[in-house]
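# Structural description and commentary
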Number of protein chains: 2
Amino acid sequence: MYCYFKSNTRCIVYSVNGPGRPAGPAADTEELVLTAALKLVLSEGAAALTAQRLHLLTGVARTTIYRHWPTPKDVLAALISVAPHPTPRSTGDPVADLHLEVDLLCDRLRDKPVGAFLRALVTASSADPDCVPLRHRYVMDLLEPFRRALGAIGRPGERRIEEAALAIISPLLVEVLLLDRSVDRRHAHRTVDEVVRDIG
Amino acid sequence: MYCYFKSNTRCIVYSVNGPGRPAGPAADTEELVLTAALKLVLSEGAAALTAQRLHLLTGVARTTIYRHWPTPKDVLAALISVAPHPTPRSTGDPVADLHLEVDLLCDRLRDKPVGAFLRALVTASSADPDCVPLRHRYVMDLLEPFRRALGAIGRPGERRIEEAALAIISPLLVEVLLLDRSVDRRHAHRTVDEVVRDIG
């Protein structure tokens, strides 16, 4: 069971539009629909994200689904928004942080969500150019914790940080996304050590 | 204009089935249809590879197209088969070979075919699991010249060669396939130098 929700950051806007209908979906409706949408994306890809399928899976009225998530792109965008961005839980040692983060990413790749989600984003953005920024954002979110930790080692330039973060995560993404292989944790940790040595 | 054909390797089988209809398409038909198919894949993705579209673009009868390439998967497989695998043009110096190969790959990424083709393969294989081996094969073909040159440096093990080849091409694939950025040749060459140092 995949769970992308972090309830402490969910933003429910009930009153800004006056006393009438709430502007956003109710929290339980949102969780119900997006949990079903995530399962659907992971098992069948982005093309399955129709209001009809989501209605059948959740019992939520199609009009409600259409109102809050008019297109598959909106469902994907909502899934990315509620995805747990790894929290900045620095140990004080940037190298230890990098090893923690690479373990976290390996977990997320092993448990399927990241690879399947990326594949869904590639597929969705080839059918709908509006989904391209979602794909960029998702990858940038994956890079972010590595950029943060790398920036604390030897004060490299922005460019060097970006290259080093890509050197760590790219082989993992290619193995999972393109070659359907399982991640090799020891290799991922060796890559971190090599990158740290090159940047230090 | 993209051209994937290398006519010296095209295999036309006219006589094995006796004097009747040839087993494969005529050479000019094959070139006409696959050139149109490649343009279609690069501009609109794998979903556009219907016999109807190929017929409209080439004038080749739909029955002919169906006979030789019954599904979009068959068209993609044919495109990969006629794609030019970089020839083993070793300079005698494996490091120089790696720099030549990375320049070749950067050219193919800059001119769009590799990125768009990979995206088409990801999309096609999410709709049709039979396309998954095509995606694997395409990436393995991209890795092959790097594996060959790396194998000649310091005699590393198979595993180490594979990791090193992935370290060189993965950041390029992620930048083009997932982030829609242009390739950074200087960075690619620096990666080669770092990988060679680590493996040597």
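It should be emphasised that the depicted structure is a prediction, and the values quoted were computed from it without experimental measurement.

Here we come to the overall build of chain A. Looking only at helices and strands, chain A has nine helices and zero strands in total. Along its sequence from the N terminus, chain A presents helices and strands in the succession α-α-α-α-α-α-α-α-α. Relative to its 200 residues, chain A shows a buried fraction of 52%. Excluding contacts between residues fewer than 6 apart, the proportion of contacts in chain A whose partners are at least 24 apart in sequence is 65%. Approximately 9,300 Å² of chain A is accessible, and the part contributed by carbon and sulfur atoms is 55%.

Further remarks concern the interface of chain A and chain B. The partner chain B presents 32 residues to the 31 residues of chain A that form the contact. If you sort the residues of chain A by the area they bury against chain B, Glu 163, Leu 178 and Leu 179 of chain A come out on top, with a joint share of 19%. Asp 198 of chain B is paired through a salt bridge with Arg 197 of chain A; the nearest N and O atoms lie 2.3 Å apart. At the level of elements, helix 6 (113-127), helix 7 (132-151), helix 8 (158-178) and helix 9 (185-199) of chain A are the ones that each hand at least two residues to the side of chain A that touches chain B. In terms of residues, the side of chain A that touches chain B owes the most to one element, helix 8 of chain A, which gives 12 residues. Looking at the side of chain A that touches chain B residue by residue, the class counts come to 12 nonpolar, five polar and 14 charged.

Another point: the packing of aromatic side chains. Residue and element names in this part refer to chain B. Going through the model one piece at a time under the given rule, you end up with two aromatic pairs over all chains. Between Phe 117 and Tyr 138 the ring centres are 5.0 Å apart and the planes differ by 40°, which places this aromatic pair in the tilted class. Here Phe 117, found in helix 6 (residues 113-127), pairs with Tyr 138, found in helix 7 (residues 132-151); they are 21 residues apart in sequence, far enough to count as distant. Pair check on accessibility: Phe 117 and Tyr 138 agree, each one buried.

Time to look at the environment of Asp 193 of chain B. Residue and element names in this part refer to chain B. In this fold, Asp 193 is placed in helix 9 (residues 185-199). On the basis of relative accessibility, which here comes to 41%, the residue Asp 193 falls in the partly exposed class. Along the sequence, Asp 193 and Leu 49 sit 144 residues apart, while their C-alpha atoms lie 40 Å from each other.

Moving on to the relation of the copies chain A and chain B. Overlaying chain A with chain B gives an RMSD of 0.0 Å, the required rotation being 180° about an axis along which the chain moves by 0.0 Å. Taken together, the turn and the small shift mark the pair as related by a two-fold rotation axis. Same-surface contact between copies: 100% of interface residues of chain A are shared with the interface of chain B.

Here the focus is the UniProt feature "DNA-binding region" (unreviewed entry) in chain A. UniProt feature "DNA-binding region" (unreviewed entry): in the numbering of this structure it lies at residues 50-69 of chain A. Segment residues 50-69 of chain A splits into 75% helix and 0% strand. End C-alpha atoms: 10 Å apart.

All names here are of chain A. Its 18 residues give helix 1 (residues 27-44) an end-to-end C-alpha distance of 25 Å, which sits within 8% of 26 Å, the value for a rise of 1.5 Å per residue. All of the buried residues along helix 1 are Thr 29, Glu 30, Val 33, Leu 34, Thr 35, Ala 36, Ala 37, Leu 38, Leu 40, Val 41 and Leu 42. Buried-residue contacts for helix 1 involve helix 2 (51-58), helix 3 (62-68), helix 4 (72-82) and helix 6. Of the residues one or two after helix 1, Gly 45 is the one with positive phi, at around 90°.

Core analysis: the largest hydrophobic core is formed by 130 residues, its most contacted members being Leu 76 and Leu 150 of chain A together with Leu 76 and Leu 150 of chain B. Excluding its chain neighbours within four sequence positions, the residues that come into contact with Leu 76 of chain A are Val 41, Ala 46, Leu 49, Phe 117, Leu 121, Ala 124, Cys 131 and Leu 134 of chain A.

Another point: helix 2 of chain A. Residue and element names in this part refer to chain A. Among the residues making up helix 2, those that are buried are Ala 51, Leu 54 and Thr 58. The arc that holds the buried residues of helix 2, viewed along the axis, is 65°, so those residues lie on one side. Opposite the buried face of helix 2, by more than 90 degrees, sit the exposed residues Leu 56 and Leu 57. One or two steps after helix 2, the chain reaches Gly 59, where phi turns positive at roughly 80°.

It is worth spelling out the pattern of salt bridges at this point. Residues and elements named next belong to chain A. Scanning all chains against the criterion turns up 36 salt bridges over all chains. Put simply, Arg 185 and Asp 103 hold a salt bridge, and the shortest N to O gap is 2.8 Å. Taken together, the positions of Arg 185 in helix 9 and Asp 103 in helix 5 (residues 94-110) put the pair 82 residues apart, joining distant regions of the chain. For Asp 103, a relative accessible area of 26% corresponds to the partly exposed category.

This next bit is on the environment of Asp 141 of chain B. Residue and element names in this part refer to chain B. Mapping Asp 141 onto the fold places it in helix 7. Given the relative accessible area of 23%, Asp 141 is considered partly exposed. Considered as a pair, Asp 141 and Ile 80 are 61 residues apart in the sequence and their alpha carbons are 9.5 Å apart.

What follows is about the packing of helix 1 of chain A against helix 6 of chain A. Residues and elements named next belong to chain A. For the pair helix 1 and helix 6, the least separation of the axes is 8 Å and the interaxial angle reads 80°. With respect to helix 6, the axis of helix 1 lies roughly perpendicular. Taking contact as the criterion, the partners of Leu 38, Val 41 and Leu 42 in helix 1 are, on helix 6, Pro 113, Ala 116, Phe 117 and Ala 120. Among the residues making up the contact of helix 1 with helix 6, the classes are represented as seven nonpolar, no polar and no charged.

This part takes up unusual backbone geometry. Residue and element names in this part refer to chain A. Residue Asp 180 is not a glycine yet carries a positive backbone phi of 55°. Relative to the helices and strands, Asp 180 is located in the loop between helix 8 and helix 9. For Asp 180, a relative accessible area of 37% translates into the label partly exposed.

Parameters and conventions
- Residues numbered from 1 in each chain as written.
- Chains lettered and ligands numbered in written order.
- Predicted model: local features only at pLDDT ≥ 70, side-chain atom pairs only at ≥ 80, totals over all residues.
- Heavy atoms only, no water.
- Helix = DSSP H or I, 4+ residues; strand = E, 2+ residues; numbered from the N terminus.
- Buried < 20%, exposed > 50% of the residue type's maximum accessible area, 1.4 Å probe, protein only.
- Contact = heavy atoms within 4.5 Å.
- Areas by Shrake-Rupley, 256 points an atom, 1.4 Å probe, with all protein chains shown as cover.
- Buried area = accessible area lost by both parts, 1.4 Å probe.
- Salt bridge = Lys/Arg side-chain N within 4 Å of Asp/Glu carboxyl O.
- Nonpolar A, V, L, I, M, F, W, Y, C, P; charged D, E, K, R; others polar.
- Phe/Tyr/Trp six-rings, centres within 6.5 Å; stacked < 30°, edge-to-face > 60°.
- Least-squares fit on C-alpha atoms with pLDDT ≥ 70 in both.
- UniProt positions renumbered as here; feature names shortened; annotations may be inferred.
- Expected span 1.5 Å × (residues − 1).
- Core = buried A, V, L, I, M, F, W, Y, C linked by side-chain atoms within 4.5 Å.
- Arc of directions from axis to C-beta.
- Axes fitted to C-alpha atoms, helices over the stretch in contact; angles between N-to-C directions.
- Parallel < 35°, antiparallel > 145°, perpendicular 65-115°, else oblique.

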